[in-house]
Amino acid sequence: MFLNKCIDKTLATLNRRCLSKTPINFESLSCKLLVVGGGTGGCSVAAKFSRHLKKNNLIVLDPSKNHYYQPLFTLIGAGAEKLENARRDMKDVLPQECTWIEDEAIEYEPKKNTVRTSKGHVIEYDYLLVAVGLDLRFDKIPGLLAALSKPGGVCSNYSPKYVNRTYQALQKLQSGNAIFTFPNSPVKCPGAPQKICYLTDHYLRKRGKRNNVSISYNTSLAVIFGVKKYADALWKICKERNIQVNLRTNLIKVNPDRPEATFENLDKPEEKFTTEFSMLHVTPPMATPETLSKNKDITNETGFVEVDKNTMQHVRFPNIFTIGDCSSSPNSKTAAAAAAQSEVVYKNMLSVMKNKPIHEMYDGYASCPLVTGYNKCILAEFDYDLNPLETFPFSQDKELYSMYVLKKNVIPSIYWHLMMNGHWNGPATFRKLMHLGFTDKKSNLHV
Ligand code: UQ1
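Nothing here was measured: the structure is a model prediction, and the numbers come from that model. (Residues numbered from 1 in each chain as written. Predicted model: local features only at pLDDT ≥ 70, side-chain atom pairs only at ≥ 80, totals over all residues. Heavy atoms only, no water.)

J.: Give a description of the overall build of the protein chain that names residues and reports values.
T.: Broken down by element type, the protein chain carries 12 helices and 23 strands. Against the compact-globule benchmark of 22 Å for 447 residues, the protein chain has a radius of gyration of 22 Å, which places it among compact chains. For the C-alpha atoms alone, the extent of the protein chain along its principal axes is close to 65 × 55 × 40 Å. Considering the protein chain as a whole, with its 447 residues, one finds that 57% of them fall into the buried category. Contacts in the protein chain between residues at least 24 apart in sequence constitute 67% of all its contacts with a sequence separation of at least 6. (Helix = DSSP H or I, 4+ residues; strand = E, 2+ residues; numbered from the N terminus. Rg over C-alpha atoms; globule rule 2.2 N^0.38 Å. Buried < 20%, exposed > 50% of the residue type's maximum accessible area, 1.4 Å probe, protein only. Contact = heavy atoms within 4.5 Å.)

Here it is in structure tokens:
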């Protein structure tokens, strides 16, 4: 789209870079800063540090050849974007001034300041940033992987492997049940499971097929959304559009041979029911990688890296920090949260490196552009206390075309050109400007 191209071109010009891959000297696998994970959080903090540290002092450890901009997956599943626009080569996204090791961390030894890799290397670090995110556990639901491996209406926007199946299922959908699920586990982007539900409704309405299909959103949660202001707006939308919301309803089985899914009532586990479907969009259970969660020294009982929720510093090892989805900080796991955390992590790590007290505080900011149709979106923004923390000087609980454009055309460019270069810390500065003299909204706290 023209707007996309203009934004891309401008930001790319402002931010031109020469891309390179550094050969690795396996003899000296030690560094000042080791970043485990080249996803959203790892890349953005590595980019910030790459301005200070020499190549050999900054290692990013990640086995993936690709880096995906996952927030685009909702639109890809709905047929409004292409998967190729969400993908870049890892080597082109990581900062030039870092050493990329294409390997996976399998063992953390925080008392020795080392990380072991699957290829048998031991990397010694002075400071460690754990940014390994959440794994998709399709395998936790019996029958699901088998159903996803065959043609049919089972799909999931969460994986690049399955996201194109969503649009295929949508195009084939003529009648019957379209079911959307939210699992009984922590998830990344908790809004995504219902965004595709609204897009399906809109898709069918535009084609005059809506009356033939019954749509339900089966969520393990007891609420439709954690922040009341937006939950109220979403309930209204579901009622208006005849979307059946079933709370505390958890997918436990998919029939690999027939289009049937079994759910349990989490409040009455003996109450199970099986439904036929024409389309089943699954949000898989998620967990931090087992290679991380088995290291009880650095994780809490739920497998997340145990940090102070404001400073993002490990509670037992002051030279370890975390960012993004694998953090124990109780924020909503979104790219916007990682953006806000990135500057806090960077500044606090720099202070620790200089033996200075740490000052930066993350306030739990997260945002979720709740796409409610092919041209509308509610931009939810909130903090740890689940209080709205909105950027724009109007109430954001409305479905707006402008917020859809922000989600589809503006934020992806911000991500690739600013955030991946360490220059985007979330919209706190804009928020302050937008609310200048009108409100007293807080941004990142300072102690
Ligand atoms: C944001 O900062 C961000 O991180 C890059 C996102 O991730 C994809 C978002 O979806 C949003 C909404 C923000 C917040 C940005 C603005 C301009 C309100």
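Having seen the structure, we can now continue with the description.
J.: Explain the site of the ligand to me, and be specific about the residues and the numbers.
T.: For the ligand, the set of nearby residues contains 14 residues, the closest of which are Tyr69, Ser367, Pro369, Ile411 and Trp424. Between an oxygen atom of the ligand and a side-chain N or O atom of tryptophan 424, the distance comes to 2.8 Å. Looking at the shell around the ligand, the elements with two or more residues in it are α10 (335–353), β21 (366–373) and β22 (376–382). Among the residues forming the shell around the ligand, the class breakdown is 11 nonpolar, two polar and one charged. Counting the residues that make up the shell around the ligand, at least three belong to each of domain 1 (28–135 + 287–353) and domain 3 (366–446). (Near = heavy atom within 4 Å. Polar contact = N/O pair within 3.5 Å; in protein donor to acceptor, adjacent residues only side chain to side chain. Nonpolar A, V, L, I, M, F, W, Y, C, P; charged D, E, K, R; others polar. Domains from an automatic or database assignment.)

J.: So, the layout of surface pockets: which residues are in play, and what are the values?
T.: Estimated volume of the second largest pocket: approximately 570 Å³. If you trace the second largest pocket, you find 32 residues lining it, with Val187, Pro190, Leu221, Asn331 and Ser332 closest to the centre. Looking at side-chain class alone, the lining of the second largest pocket contains 16 nonpolar, 13 polar and three charged residues. (1 Å grid on protein atoms, 1.4 Å probe; cavity = no way out; pocket = protein on both sides within 12 Å on 5 of 7 lines; lining within 4 Å. Points joined across faces, edges and corners; volume = space filled by probe spheres on them.)

J.: Explain the pairing of β21 to me, using residue names and the numbers behind them.
T.: With eight of eight residues buried, β21 is to be regarded as a mostly interior element. When β21 meets β22, the two strands line up antiparallel, connected through seven bridges. Following the sheet pairing, glycine 373 is matched in β22 by lysine 376. Hairpin connection of β21 to β22: two residues between the antiparallel strands. (Pairing = 2+ DSSP bridges.)

J.: Explain the sheet that holds strand β14 (residues 249–254) to me, using residue names and the numbers behind them.
T.: Ordered in space as β14-β15-β16, the three strands form an open sheet in which the pairing is antiparallel. Two strands bound the open sheet, and with one partner strand each, they are β14 and β16 (268–276). Direction aside, neighbouring strands of the sheet carry axes that sit 30° apart on average. Across five bridges, the pairing between β14 and strand β15 (residues 260–265) is antiparallel. Within β15, the residue paired with threonine 249 across the bridge is asparagine 265. (Axes fitted to C-alpha atoms, helices over the stretch in contact; angles between N-to-C directions.)

J.: Can you explain the packing of helix α6 (residues 163–172) against helix α7 (residues 192–206)? Please cite residues and give values.
T.: Pairs of packed helices are described in terms of their axes, by the angle between the two and the distance that separates them. In contact at an axis separation of 10 Å, α6 and α7 are set at 35° when each is read in the N-to-C sense. The handedness of the crossing between α6 and α7 comes out as right-handed. Packed against α6, whose contacting residues are Thr166, Tyr167, Leu170 and Gln171, the element α7 presents Ile196, Thr200 and Tyr203 at the interface. Of the residues in the contact of α6 with α7, the class split is four nonpolar, three polar and no charged. (Left-handed = near helix turned anticlockwise from the far one by under 90°.)

J.: Account for the pattern of salt bridges, with residues named and values stated.
T.: Enumeration according to the criterion identifies 24 salt bridges in this entry. When the shortest N-O distance is used, the salt bridge between aspartate 89 and lysine 91 registers 3.5 Å. Taking the relative accessible area as the measure of exposure, lysine 91 reaches 31% and is therefore partly exposed. Across the salt bridge formed by aspartate 397 and lysine 398, the nearest N and O atoms sit 2.8 Å from each other. Its relative accessible area of 22% is what places aspartate 397 among the partly exposed residues. Bridged by salt links that share partners, the residues Arg87, Asp89, Lys91 and Asp92 form one connected network. (Salt bridge = Lys/Arg side-chain N within 4 Å of Asp/Glu carboxyl O.)

J.: Describe helix α2 (residues 40–49), listing the residues and the values that go with them.
T.: When you tally the buried positions in α2, you get 10 out of 10 residues, the bulk of the element. For α2, the set of buried residues is Thr40, Gly41, Gly42, Cys43, Ser44, Val45, Ala46, Ala47, Lys48 and Phe49.

J.: Go over the domain arrangement of the protein chain with me, naming the residues and quoting the values.
T.: The domain boundaries assigned to the protein chain delineate domain 1 (28–135 + 287–353), domain 2 (136–285) and domain 3 (366–446). Between the C-alpha centres of domain 1 and domain 3 there is a distance of 24 Å. Between domain 1 and domain 3, the contact holds 35 residues from the first and 22 residues from the second. Buried surface at the junction of domain 1 and domain 3, both sides included, amounts to about 2,300 Å², of which 62% is carbon and sulfur. Per-residue buried area on domain 1 facing domain 3 is highest for Tyr69, Leu75 and Ala339; these three make up 23% of the total on that side. Scanning the region where domain 1 abuts domain 3 turns up one salt bridge. Summed over the shared surface of domain 1 and domain 3, the result is 11 residue pairs in polar contact (both at pLDDT 80 or more). When residues of the side of domain 1 that touches domain 3 are traced back to their parent elements, those giving at least two are α2, β3 (66–68) and α10. The biggest single contributor to the side of domain 1 that touches domain 3 is α10, with nine residues. Counted by class, the side of domain 1 that touches domain 3 contains 19 nonpolar, 10 polar and six charged residues. (Buried area = accessible area lost by both parts, 1.4 Å probe.)

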